[in-house]
Amino acid sequence: MVKAGIIGSTGYAGSELVRLLMGHKDVEIVWYGSRSYIDKKYAEVYRNMFEIVDAVCMDDNMEELADQVDVIFTATPQGLCASLVNEEILSKVKIIDLSADFRLKDVKVYEEWYKLEHKAPQYLDEAVYGLCEVNREDVKKARIVANPGCYTTCSILTTRPLVAEGLIDPNTLIIDAKSGTSGAGRGAKLPNLFCEVNENMKAYGVATHRHTPEIEEQLSYACHKPVTINFTPHLVPMNRGILVTAYASLKPGTTDEEVRAVYKKYYDHEKFVRVLDEGECPETKWVEGSNYVDVNFKIDPRTNRIIMMGALDNLVKGAAGQAVQNMNLLFGFDEDEGLRQVPMFP
């Protein structure tokens, strides 16, 4: 059995990690870390875990934790993982970080967008960006896995095949994304109160959202040249889900058949990316509670642009599910172990 510790187990992504790992036949959770609830029973924080989890919450002492487990998940705010990690810890355990601390390779870009001083820039080159469908072989050999963000996972998987194959001009790419409120975390914030969110939709982080450079960096790798995009996120009154609608100029003369062949080339062998049938649009409801990403496209011949669409559950494939998928790669398990949940409906 692989022993796992979770720092930040009482946030939404952390609790989803607990739920998924409880169903993993090869993993035992031995550390439920939570700075806010030290010594409180985990099942008192999340009553859905009553008579399922008997443990109490512990602190975020990564050095002590590293002596007890094989893998550490850090489902924490930006900056914490980088402030805790060191060479001694990395000599003992694997780290899967769900924050943005190791996603961006340029420390200046990280500090500009996140307004934080990076505490461990020496590990940026080593850390592997944990988008399994792209970096599977590198993940298997990693000590630090930078688990991608929810918006970025959906945006990249939706658009990357056409960027990589040169069928769209990536610098014309506009990504319009919608997220459920769980993406903002469990902390009490005025904009996320029920009366603020219910019966409302709003854009936020317009032209400044921190996932923008992450998407640009990964798409730049795909086409081997710098990419600049417009990315606008929106908050919608639902618990879970990301829906991406992306627009870009299409290579003249490109047909539906050619685009579909590219998506099939990249995703036919992928367990968790489903290319929908012609005419079907992705919906968040059809991936809820699962590790699946649904993608599809529509060519607009009038404007010679293509509309690319994707949907995922921000807490599963957009966070905890992807982290479990990365852990499976690290330890040689079946990639879908613990992740075979059928999407929930209704």
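Residues numbered from 1 in each chain as written. Predicted model: local features only at pLDDT ≥ 70, side-chain atom pairs only at ≥ 80, totals over all residues. Heavy atoms only, no water.

Right, let's talk about the overall build of the protein for a bit. Helix and strand counts for the protein come out as twelve helices and 13 strands. Relative to the 2.2 N^0.38 estimate, which gives 20 Å for 346 residues, the radius of gyration of the protein is 20 Å and therefore close to what a compact globule would have. Dimensions of the protein, computed from the C-alpha atoms along their principal axes, are close to 60 × 45 × 40 Å. Intrachain contacts of the protein at a sequence separation of at least 6 include 71% that bridge at least 24 residues. Surface accessibility of the protein: about 15200 Å² in total, with carbon and sulfur atoms responsible for 50%. Looking at the protein, you have 38 positive and 51 negative side-chain charges, and the mean spots of the two groups are 2 Å apart. (Helix = DSSP H or I, 4+ residues; strand = E, 2+ residues; numbered from the N terminus. Rg over C-alpha atoms; globule rule 2.2 N^0.38 Å. Contact = heavy atoms within 4.5 Å. Areas by Shrake-Rupley, 256 points an atom, 1.4 Å probe, with all protein chains shown as cover. Lys, Arg positive; Asp, Glu negative; His and termini not counted. Charge placed at Lys NZ, Arg CZ, Asp CG, Glu CD.)

In this section: unusual backbone geometry. Between F345 and P346 the backbone carries a cis peptide bond, its omega angle lying at 0 degrees. Along the chain, P346 falls in the segment after helix 12 (316-331). Here E199, not a glycine, exhibits a phi torsion of approximately 55 degrees, which is positive. Along the chain, E199 falls in the loop between helix 9 (194-197) and strand 8 (202-203). Given the relative accessible area of 74%, E199 is considered exposed. A positive phi angle is found at H224, which is not glycine, with a value near 60 degrees. Within the secondary structure layout, H224 lies in the loop between helix 10 (212-223) and strand 9 (230-235). (Buried < 20%, exposed > 50% of the residue type's maximum accessible area, 1.4 Å probe, protein only.)

Summed over the entire model, instances satisfying the criterion amount to 25 salt bridges. Across the pair R240 and D313 runs a salt bridge whose closest N-O atoms are separated by 3.0 Å. Highlighted residues: R240 in the loop between strand 9 and strand 10 (242-249) and D313 in the loop between strand 13 (305-312) and helix 12, separated in sequence by 73 residues. The two residues R240 and D313 agree in class, both being buried. Linked through salt bridges whose partners overlap, the residues forming this network are K271, D334, D336, E337 and R340. (Salt bridge = Lys/Arg side-chain N within 4 Å of Asp/Glu carboxyl O.)

With that out of the way, let us pick up the pairing of strand 12 (residues 293-300). Taken across its eight residues, strand 12 has six buried, putting it largely inside the fold. Both strand 11 (residues 273-275) and strand 12 contribute to a ladder of three bridges, which runs parallel. Following the sheet pairing, R274 is matched in strand 12 by D294. The pairing of strand 12 with strand 13 spans eight bridges and is antiparallel. Paired with N296 across the bridge in strand 13 is M309. Counting the residues in the hairpin turn of strand 12 and strand 13 gives four residues, including N304, whose phi is positive at 55 degrees. (Pairing = 2+ DSSP bridges.)

Attention shifts here to the packing of helix 7 (residues 132-140) against helix 12. Running from N to C, helix 7 and helix 12 point in directions that differ by 40 degrees, and their axes come no closer than 9 Å. The angle between the axes of helix 7 and helix 12 places the two elements in the oblique class. Note on packing geometry: the crossing formed by helix 7 with helix 12 is right-handed. Contact residues: C132, E133, R136, V139 and K140 in helix 7; K317, Q322, Q325, N326, L329 and L330 in helix 12. Taken together, the residues that form the contact of helix 7 with helix 12 break down as four nonpolar, three polar and four charged. (Axes fitted to C-alpha atoms, helices over the stretch in contact; angles between N-to-C directions. Parallel < 35°, antiparallel > 145°, perpendicular 65-115°, else oblique. Left-handed = near helix turned anticlockwise from the far one by under 90°. Nonpolar A, V, L, I, M, F, W, Y, C, P; charged D, E, K, R; others polar.)

In a beta sheet, neighbouring strands are held together by backbone hydrogen bonds and run either parallel or antiparallel to one another. Reading across from one edge, 8-9-7-10-13-12-11 is the order of the seven strands in this open sheet, with mixed pairing throughout. The open sheet has two free edges, formed respectively by strand 8 and strand 11, since each of these has just one partner strand. Packing of helix 11 (residues 256-267) onto the sheet brings it into contact with strand 11, strand 12 and strand 13, and relative to strand 12 it is tilted by some 160 degrees.

Another point: the sheet that holds strand 1 (residues 2-7). Strand order in the open sheet made by the six strands is 2-1-3-4-6-5, with parallel pairing throughout. Looking along the sheet, the strands with just one partner apiece sit at the ends: strand 2 (27-33) and strand 5 (128-129). Where strand 1 and strand 2 come together, six bridges link them in parallel fashion. Looking at strand 2, one finds that G5 is bridged to W31.

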